[in-house]
Amino acid sequence: MPASTNTLLTALLNSSSEHLLVTAEDHRIREAGSCFLRFVGEEREALLGRPCYEFLLLEGGAAMEQALAAEGSWQGQLLLRDRYRNTVLHTVTLHSVVLAGEPCRLWIMRPVDSPVEVAERRPQYDLLTGLPSRVLFMDRAEQAMLNSRRHRQSVAFLSLGIDGFSRINDGLGHEFGDHVLKETGQRLKGALRNSDSIARMGGDQFDCVVVMTSPDDGVVVTEKLLRALKQPFRLNGQDLTLTASIGISVFPADGDSADILIKQAESAMRHCKHTGGDSYQFFSSEMNERARRRIDLENALRQAIEQQQFLLYYQPKVDVRSGAIVGAEALIRWQHPERGMVQPGEFIPVAEESGLIGPIGAWVMREACRQNRTWLKGGLGAVCVSVNMAAPQFRERDIVAQVAAILAESGLPAKLLELEITEGLLIGDLDAIEEKLHGFRRLGLKIAIDDFGTGYSSLSYLSRFPITTLKIDRAFIHDLENNRSTAEIARAIIGLSRGLDLEVVAEGAETAEHIQFLTEQGCGTVQGFFYSRPLPAAEFEVMLRRGTVR
Ligand code: C2E
Ligand code: MG
Ligand code: MG
């Protein structure tokens, strides 16, 4: 496109007070006006290339396609999702256009009415915040309980009150008070998942129903809500920091009617306020005990990072024919001053949910690289050490740069470092994932899929992503003797890796029979208790010096 056209288009897109969007034929976003960017709360660069249906709810698209084909344009109404994940009805005009020789679509969109007008027409909504009001909330709560009963899940009822709200209202004026309530509503909504509901119950009280997918979900969501309110509130150049109290009751443990569960959550919230606020409390003492243990664990983990209580153990990967050590997996251990050695299964999940996995993962990577470089310099032979990377860590925007910096600082050749990731990490924005994986490969790292065969994702990613290694999950190896179908799966994975020219490593081999089966199937590299348990660095070093496990 000539520069002048480009400039003209940009000027047009950004001067309009309507929401403007240009999409390609595959529905991916090519251009967006500044008004639309503000509405969805995204930067232009982050938006380009993403499918437009992340933001436009395209239902009944057939009529639209017909009109476009016949007349080159379409008019109608669509729901748009804003930065707070509210859906707002828009009048839309859609045109077929050609941009730089490519057939595209230009979307011109204008909200049908303001959120307040919407609320006026529909009394189930709260006038000030546009959130559901108590009536609609009760309905949704009953619905969530019905669904959960079917799936045998629990539902948490959260009741949130802003600490000292009347003081804010009296001291800073009603305008500020209203602003705080509106903003609170939006922030809370933004922190919840689509499957959860929120309502303003009146005054400064906001209630949520949260479908719990794990026993700690209630706590995880509650902490997220409290964090969302920690940012200062600002109006007319004035800043205010506030805190809130949350009470929680759980269906079906605490009761089975929405009315009762809401009252219980409110009572727990009031109790929380009386004991100083800025915190949360469960209605039942049993859940409080659970929450307390979790908070203790999180605090202990924070301390563990500061006081460097972590260690790495190393488990050899062995060539089945020669018994030679061809690699090792670095596995974290937590040397707790009172509890003794804590296994990763007990703290990695909590670290992932609380955001502590970032610094922990970075430490693991740095320590594994430093240690391996020391062995290499000591002439112990070059072994590739693999490091596990958790999903939240992988999703950090600059993770490739972080790893590059750690490698450079350690002086370890990149080919002696492998990342172990799980299949669950390979869903979401596939382009971004692919870009990161290529980034790691460009550095020279190997990439293994850990626990292969247990994830849900499709196999097609194996050809799309630049993966070097498959690690057969230990569940398949463990069951070999008793279960013919797991043996078949193990066999199939080995065949698959050969067909795709990938390395394959079997995890969890414990017996001579396991080794025999794997050797027969052509899996030459094995990691398991049969050869060695994970060992402290000094003990692994002795083994490495010998070169073989025996
Ligand atoms: P993983 O990455 O699949 O690691 C292999 C686990 O299998 C290790 O458990 C290892 O001790 C165990 N294992 C190996 N051979 C055998 C065997 O023959 N029999 C049996 N029963 N088990 C065997 P570990 O060290 O407790 O680690 C558990 C999980 O914790 C790891 O599974 C990994 O997902 C996670 N993890 C460990 N270290 C880290 C770390 O530094 N960062 C992250 N993000 N996750 C880690
Ligand atoms: Mg692993
Ligand atoms: Mg594994």
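Structure's up top.
What counts as what
Residues numbered from 1 in each chain as written. Chains lettered and ligands numbered in written order. Predicted model: local features only at pLDDT ≥ 70, side-chain atom pairs only at ≥ 80, totals over all residues. Heavy atoms only, no water. Buried < 20%, exposed > 50% of the residue type's maximum accessible area, 1.4 Å probe, protein only. Helix = DSSP H or I, 4+ residues; strand = E, 2+ residues; numbered from the N terminus. Contact = heavy atoms within 4.5 Å. Salt bridge = Lys/Arg side-chain N within 4 Å of Asp/Glu carboxyl O. Donors = N, O, S within 2.8 Å, 3.2 Å for Na, K, Ca; no water. Pairing = 2+ DSSP bridges. Near = heavy atom within 4 Å. Polar contact = N/O pair within 3.5 Å; in protein donor to acceptor, adjacent residues only side chain to side chain. Areas by Shrake-Rupley, 256 points an atom, 1.4 Å probe, with all protein chains shown as cover. Expected span 1.5 Å × (residues − 1).

Participant: I'm lost on helix α12 (residues 344-353) in this one. Help?
Facilitator: Taken together, the buried positions of α12 are Phe347, Ile348, Val350 and Ala351. Considering only its buried residues, α12 is in contact with α11 (285-306), β14 (310-319), β15 (325-336), β16 (340-342) and α13 (357-377). Once α12 finishes, Gly355 follows within two positions and takes phi at roughly 80°, a positive value.

Participant: How do you make sense of the pattern of salt bridges when you look at a structure like this?
Facilitator: Scanning the model with the defined rule gives 31 salt bridges in all. Here Glu54 ties to Arg50 by a salt bridge, and the two come within 2.8 Å at their closest N and O atoms. One salt-bridge network, in which partners are shared between bridges, spans Lys317, Glu329, Glu418, Glu420, Lys471 and Glu507.

Participant: Quick question: what am I supposed to make of the coordination of the magnesium ion (ligand 3) here?
Facilitator: Where a metal carries four tetrahedral donors, each ideal angle is 109.5 degrees; where it carries six octahedral donors, the ideal angles are 90 or 180 degrees. Looking at the magnesium ion (ligand 3), the protein donor atoms are Asp450 (OD), Asp451 (OD), Glu507 (OE) and Glu507 (OE), and they sit 2.0 to 2.4 Å from it. Mapped onto the sequence, the donors of the magnesium ion (ligand 3) take the spacing D-D-x55-E. Separating the magnesium ion (ligand 3) and the magnesium ion (ligand 2) is a distance of 4.1 Å, and Asp450 donates to both of them. Taking the relative accessible area as the measure of exposure, Asp450 reaches 7% and is therefore buried.

Participant: Would you mind showing me how to read the pairing of strand β20 (residues 469-472) here?
Facilitator: One face of the sheet, then the other: side chains in a regular strand alternate in exactly this way. Side chains Thr469 and Lys471 of β20 all project onto a buried face; the interleaved residues Leu470 and Ile472 project onto the opposite face, where all are buried too. Where strand β19 (residues 446-452) lies against β20, 3 bridges are found, and the strand directions are parallel. Within β20, the position partnered with Ala448 by the bridge is Thr469. Two elements, β20 and strand β21 (residues 503-507), share 4 bridges in a ladder whose sense is parallel. Bridged to Leu470 within β21 is Val504.

Participant: Hey, could you run me through the site of ligand 1 in this one?
Facilitator: Around ligand 1 lies a shell of 22 residues, among which Asn388, Asp450, Arg474, Glu510 and Phe529 are the nearest. Measuring from an oxygen atom of ligand 1, one finds a side-chain N or O atom of Asn388 at 2.8 Å. Here an oxygen atom of ligand 1 sits 2.6 Å away from a polar atom, N or O, in the side chain of Arg474. Alone, ligand 1 offers 800 Å² of accessible surface; in the complex the protein occludes 83% of this. For the shell around ligand 1, the secondary-structure elements that each account for two or more residues are β15, α12 and β19. The element that contributes the greatest number of residues to the shell around ligand 1 is β15, accounting for 4 residues.

Participant: Please explain the environment of Thr422 as it appears in this structure.
Facilitator: Take Thr422: it is sitting in strand β18 (residues 417-422). Residue class for Thr422 comes out partly exposed when judged on its relative accessible area of 32%. For the pair Thr422 and Lys471, spaced 49 residues apart in sequence, the C-alpha to C-alpha distance is 9.7 Å. Once residues lying within four places of it in the same chain are set aside, the contact partners of Thr422 are Asp450 and Asp451.

Participant: Which parts of the structure should I look at to understand the coordination of the magnesium ion (ligand 2)?
Facilitator: Binding of the magnesium ion (ligand 2) to the protein goes through Glu329 (OE), Asn388 (OD1), Glu420 (OE) and Asp450 (OD), at separations of 2.0 to 2.2 Å. Mapped onto the sequence, the residues coordinating the magnesium ion (ligand 2) show the spacing E-x58-N-x31-E-x29-D.

Participant: How should I be thinking about α13 in this particular structure?
Facilitator: Given 3.6 residues per turn, any residue in an α-helix points the same way as the ones three and four places further on. With 21 residues, α13 extends 30 Å between its outermost C-alpha atoms, agreeing within 8% with the 30 Å of an ideal straight helix rising 1.5 Å per residue. Just beyond α13, the residue with positive phi is Gly379, at close to 75°.

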